[in-house]
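Each chain is listed here by its residues.
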Amino acid sequence: MLSQLRFIPLLPLLGAAYLILFGRRHSKRVIHTVATVAVFASCVISLDAFFFGLPQVVREGGIIDAVFPWFAGGDLAVDFTLRMDALSGLLCLVVTFIGTLIHVYSVGYMAHEKDYARFFAYLNLFCGAMLMLVLGDTLPVVFIGWEGVGLASYLLIGFWYQENANASAGKKAFITNRIGDFGFLIGMFLLFRATGTVNIPDILDAAKTGSALTAPLWLGQSVAFWAGLFLFVGAAGKSAQIPLYVWLPDAMAGPTPVSALIHAATMVTAGVYLVARMSAVYMLAPAALAIVAIVGALTAVFAAIIGFAQNDFKKVLAYSTVSQLGFMFVGVGTANFAAGIFHLFTHAFFKAGLFLCAGSVMHAMGGSGDITRMGGLAKRLPWTTRVFQVCWLAISGVPLFSGFFSKDAILDGAFATEVYGHGLAWVGPLVGGLLLLAALGTAFYMSRLYFLVFTGPCRADEHVQQHIHESPASMVFPLVVLAVGAVLAGLAAIPPAIRELFGKHGESTLATWLAPAVGEPMEIAHSAEWRVMGISTVVALVGIGLAYAFYGGGYRQPAHAFVQKMPGFVALARDKFRIDELYAKVLLRPFRLFCNIVFQLVDRILIDKILIGGWTFLADILGRVFRFFQSGDIQRYLAAFAIGAAVVVWIAARPTLPDDVRVKVEGRTVKVDMVDPDASRGALRYSFDFDGDGTPDRSGPTPSATWIYGGVDHHEVTITIEDSRWHTRRILTRTFDLR
Amino acid sequence: MPGHFYILVSLALFFIGTTGVLMRRNALFVLMSVELQLAAGSLALVAFSRGLGDQRGHVVAFFVMALAAAEAAIGLAIVVSIYRVNRKIDLATIDELRN
């Protein structure tokens with residue numbers, strides 16, 4: 001089983017294929033059993049490989065499954081190889097475990113859906129593609145997974161395609177991701193050009209040992225910088241970072257389990273995974289890391305601010321996801337890769353939990369996600385409320401919950417990092433400060449969400465209120481499991497400062513475990529850790545307290561006062577800072593204009609008028625000309641034929657040219673001599689005009705003649721060969737100089 | 001009789017035939033003129049064959065006869081069917097394929 005990693009992505013893919021082909025024939029029970037068992041089986045295989053196979057080989061690069069050599073040409077050889085090392089193994093567990101839970105949840109959530117098989121087929125397709133992305137050992141394999149999850153994401157966002165908005169949201173996600181994919185490809189090509197390989201371990205080895213990646217490429221920056229930057233463009237597209245984040249909030253148009261699985265827990269973290277995977281390359285380019293960290297920090301703050309003003313349950317969570325992904329990018333961008341992955345790990349639990357709570361709430365509220373029409377749901381949805389509380393405290397960074405530890409690890413790294421060197425040393429404190437702001441914002445908007453939805457009086461209609469009910473067991477079970485995860489996931493990486501209290505030394509479990517894949521963890525002074533922990537605890541509590549003051553038990557006076565005081569700002573935040581409109585103006589409109597010009601010039605004029613119209617015009621003119629000859633009178637045709645035949649005969653009857661014409665000059669004597677086999681038949685007559693007066697000077701049946709010139713000069717002899725039988729002739733000339 | 005006499009007769013026949021093909025309006029006469037051309041060709045073949053002492057010309061002349069018979073059969077059949085449709089066989093008026 002150990003080397004059979006291939007079954008991990010294969011089983012869900014087979015499930016997807018089966019459900020697409022034959023799903024319509026089966027009952028819902030069969031459909032969800034097939035889909036869930038496929039993912040659960042790969043979860044079991046992953047667990048087995050991770051806990052029993054991997055520990056023995058984790059220092060030697062992990063478990064490898066060389067499935068087949070995919071293609072080769074020239075210097076390029078691409079193998080379809082899968083590898084589970086500490087990093088990909090962890091991701092694999094997250095994907096299969098949370099994937100299984102969400103399949104189970106979907107059984108309840110999608111129970112009334114008509115297109116049941118299609119939904120589960122797409123979910124399975126997503127899981128298969130995501131596992132390929134994670135396990136891929138060569139960049140092209142990763143890229144297939146990368147595109148596969150993009151496809152599944154597109155299909156699932158637009159799952160209810162009958163509504164135009166959902167279909168457009170799917171397209172928006174796909175197109176925005178294409179921009180990122182372009183960056184991914186360029187990055188891959190740059191790495192291939194520099195190292196001659198697309199195998200990730202070989203590239204990382206080249207980064208650690210050789211100088212291939214440090215050579216300057218453009219603008220004085222190294223190959224590693226540009227490759228890292230372009231790969232980050234891909235990562236920013238997939239993981240919804242500035243400026244490519246706009247698709248993720250719209251992606252909430254898909255069913256809620258999809259939002260939880262794809263657009264919160266797994267797919268959107270692929271960018272973070274990619275940066276961590278290529279850690280050795282990024283270590284060569286601190287400037288690229290700085291860009292990653294700054295973009296991540298700005299996204300974290302920016303998305304948190306937008307999150308303040310959103311009134312849709314899932315939109316708040318979507319911006320929260322964008323913001324938390326920013327945290328992860330700061331983690332990897334400060335070369336604190338283990339912390340970034342740690343946050344990815346904990347976030348997967350609590351954010352999936354939050355989304356599933358959102359689904360449960362919307363299920364109870366008749367499908368509406370408008371939090372201004374909610375409130376007081378704590379009494380009606382006890383299980384959902386408890387799970388939400390846990391996940392809310394975790395994401396807000398309240399101590400002892402998982403989010404606290406992972407966020408802390410990132411903040412520690414941001415303040416302590418020394419990866420940037422002197423010129424960029426300001427980056428660490430800057431992103432650290434921004435993250436504290438974002439953490440405050442996170443605590444605030446998540447608490448706002450909690451207070452508005454679960455506390456105070458219910459603001460929904462009478463009719464809706466009557467139908468509020470707790471969700472079925474298949475939905476509650478995954479919620480509870482995720483809540484447990486949201487508490488316990490933090491245990492994977494207790495910070496060294498706390499470990500010391502329990503008499504343990506050294507780095508956290510997770511960091512030690514990930515070290516072979518992403519490099520040794522950062523050494524951070526324990527005093528600094530305690531300081532950051534204290535600050536972030538205060539930040540979290542202040543955020544929650546502030547939110548209580550504004551929204552505890554429903555909208556309160558300070559909230560109204562704030563809106564009245566700064567109506568412009570609130571409206572701007574509610575409109576997501578009108579970034580979509582800005583893109584429409586700055587990017588889309590010029591692009592449309594450009595397309596229109598190209599369409600008018602190239603399509604309408606060049607192709608339609610000139611290339612196609614030109615040929616039809618030519619054919620038309622030629623047709624008019626030739627029609628004149630097409631008299632229909634057969635005798636006229638025959639006459640033309642007779643004339644043509646006569647011309648052919650006349651041409652054929654001309655004397656053939658001699659094989660060789662030699663002109664011999666001796667002093668002033670010129671001798672012309674021709675080799676002509678036809679001369680022996682006696683029918684030919686040769687005339688020579690030496691002096692150029694137009695009359696022959698010598699003539700006779702022999703193909704040669706001699707002439708003596710009076711003076712030196714440039715001369716020309718004209719030879720006429722005449723056939724006396726047909727009265728046909730050929731004329732040729734030769735020139736020569738006399739000295 | 002000198003050998004080139006046959007050739008001269010053949011030439012004369014061919015020119016008469018060609019003139020007939022190009023000038024006569026009646027399809028039957030055109031067909032007959034084609035027969036004249038073929039006869040001229042056969043005569044030239046036979047004449048050269050005899051003059052050069054080579055029997056191959058005779059052989060080809062027989063082929064020409066077979067060809068002439070076939071051509072006459074098909075040509076007449078076409079003329080007859082044209083006549084059935086048009087009630088006349090004046091080539092100047094048969095110009096359905098004009099323009």
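See the structure above.
Residues numbered from 1 in each chain as written. Chains lettered and ligands numbered in written order. Predicted model: local features only at pLDDT ≥ 70, side-chain atom pairs only at ≥ 80, totals over all residues. Heavy atoms only, no water.

Turning next to the overall build of chain B. The number of helices and strands found in chain B is three helices and zero strands. The linear arrangement of helices and strands in chain B, starting from the amino end, is α-α-α. Relative to its length of 99 residues, chain B is extended, with a C-alpha radius of gyration of 16 Å against a globular reference of 13 Å. Once the C-alpha set of chain B is aligned to its principal axes, its extents read approximately 50 × 25 × 25 Å. Here chain B holds 99 residues, and 26% of them are scored as buried. Of the contacts made within chain B by residues no fewer than 6 positions apart, 54% connect residues no fewer than 24 positions apart. (Helix = DSSP H or I, 4+ residues; strand = E, 2+ residues; numbered from the N terminus. Rg over C-alpha atoms; globule rule 2.2 N^0.38 Å. Buried < 20%, exposed > 50% of the residue type's maximum accessible area, 1.4 Å probe, protein only. Contact = heavy atoms within 4.5 Å.)

This brings us to the sheet that holds strand 11 (residues 728-737) of chain A. By definition, the strands of a sheet pair up through backbone hydrogen bonds, in either a parallel or an antiparallel sense. Residues and elements named next belong to chain A. Judged by pairing direction, the sheet is antiparallel, and its four strands sit side by side in the order 8-7-10-11 without closing on themselves. On the outer flanks of this sheet lie strand 8 (698-700) and strand 11, each paired with one strand and no other. Neighbour to neighbour, the strand axes of the sheet diverge by 15° on average, direction disregarded. In this sheet, strand 11 lies alongside strand 10 (residues 714-723) in antiparallel orientation, the contact comprising 10 bridges. Following the sheet pairing, Val-717 is matched in strand 11 by Arg-734. (Pairing = 2+ DSSP bridges. Axes fitted to C-alpha atoms, helices over the stretch in contact; angles between N-to-C directions.)

Moving on, we come to the packing of helix 14 (residues 313-333) of chain A against helix 19 (residues 427-454) of chain A. Residue and element names in this part refer to chain A. Their axes nearest at 11 Å, the elements helix 14 and helix 19 cross at an angle of 160°. The angle between helix 14 and helix 19 places the two elements in the roughly antiparallel class. Where helix 14 crosses over helix 19, the handedness of that crossing is left-handed. Side by side, helix 14 and helix 19 meet where Phe-313, Val-316, Leu-317, Ser-320, Ser-323, Gln-324, Phe-327 and Val-330 of the first sit next to Val-431, Leu-435, Ala-438, Ala-439, Thr-442, Tyr-445, Met-446, Arg-448, Leu-449 and Val-453 of the second. Counted by class, the contact of helix 14 with helix 19 contains 13 nonpolar, four polar and one charged residues. (Parallel < 35°, antiparallel > 145°, perpendicular 65-115°, else oblique. Left-handed = near helix turned anticlockwise from the far one by under 90°. Nonpolar A, V, L, I, M, F, W, Y, C, P; charged D, E, K, R; others polar.)

In this section: the sheet that holds strand 5 (residues 660-666) of chain A. Residues and elements named next belong to chain A. Spatial ordering of the open sheet is given by 5-6-9, a layout of three strands whose pairing is antiparallel. Unpaired on one side and paired on the other, strand 5 and strand 9 (704-708) mark the two borders of the sheet. Taking each pair of neighbouring strands and ignoring which way they run, the sheet shows an average axis angle of 15°.

The partner chain B presents 13 residues to the nine residues of chain A that form the contact. Between chain A and chain B the total buried area reaches about 820 Å² when both faces are included, carbon and sulfur atoms providing 55% of it. If you look at where chain A meets chain B, you find zero salt bridges. Linking chain A with chain B are three residue pairs in polar contact (both at pLDDT 80 or more), by the criterion used here. In terms of residue count, the dominant contributor to the side of chain A that touches chain B is helix 28 (residues 634-653) of chain A (four residues). Here the side of chain A that touches chain B is composed, by residue class, of three nonpolar, four polar and two charged. (Buried area = accessible area lost by both parts, 1.4 Å probe. Salt bridge = Lys/Arg side-chain N within 4 Å of Asp/Glu carboxyl O. Polar contact = N/O pair within 3.5 Å; in protein donor to acceptor, adjacent residues only side chain to side chain.)

Residue and element names in this part refer to chain A. In this structure, strand 7 (residues 684-689) lies alongside strand 10, joined through six bridges in antiparallel fashion. What sits directly across from Ser-687, in strand 10, is Thr-720. What sits between strand 10 and strand 11 in their antiparallel hairpin is a turn of four residues, with His-727 showing a positive phi close to 60°.

A word on the side chain of Ser106(A). All names here are of chain A. Structurally, Ser-106 is set in helix 3 (residues 86-109). Judged by relative accessible area, which is 0%, Ser-106 ranks as buried. If we skip the residues at most four places from it in the chain, Ser-106 touches Ala-111, Phe-119, Phe-120, Leu-123 and Pro-257.

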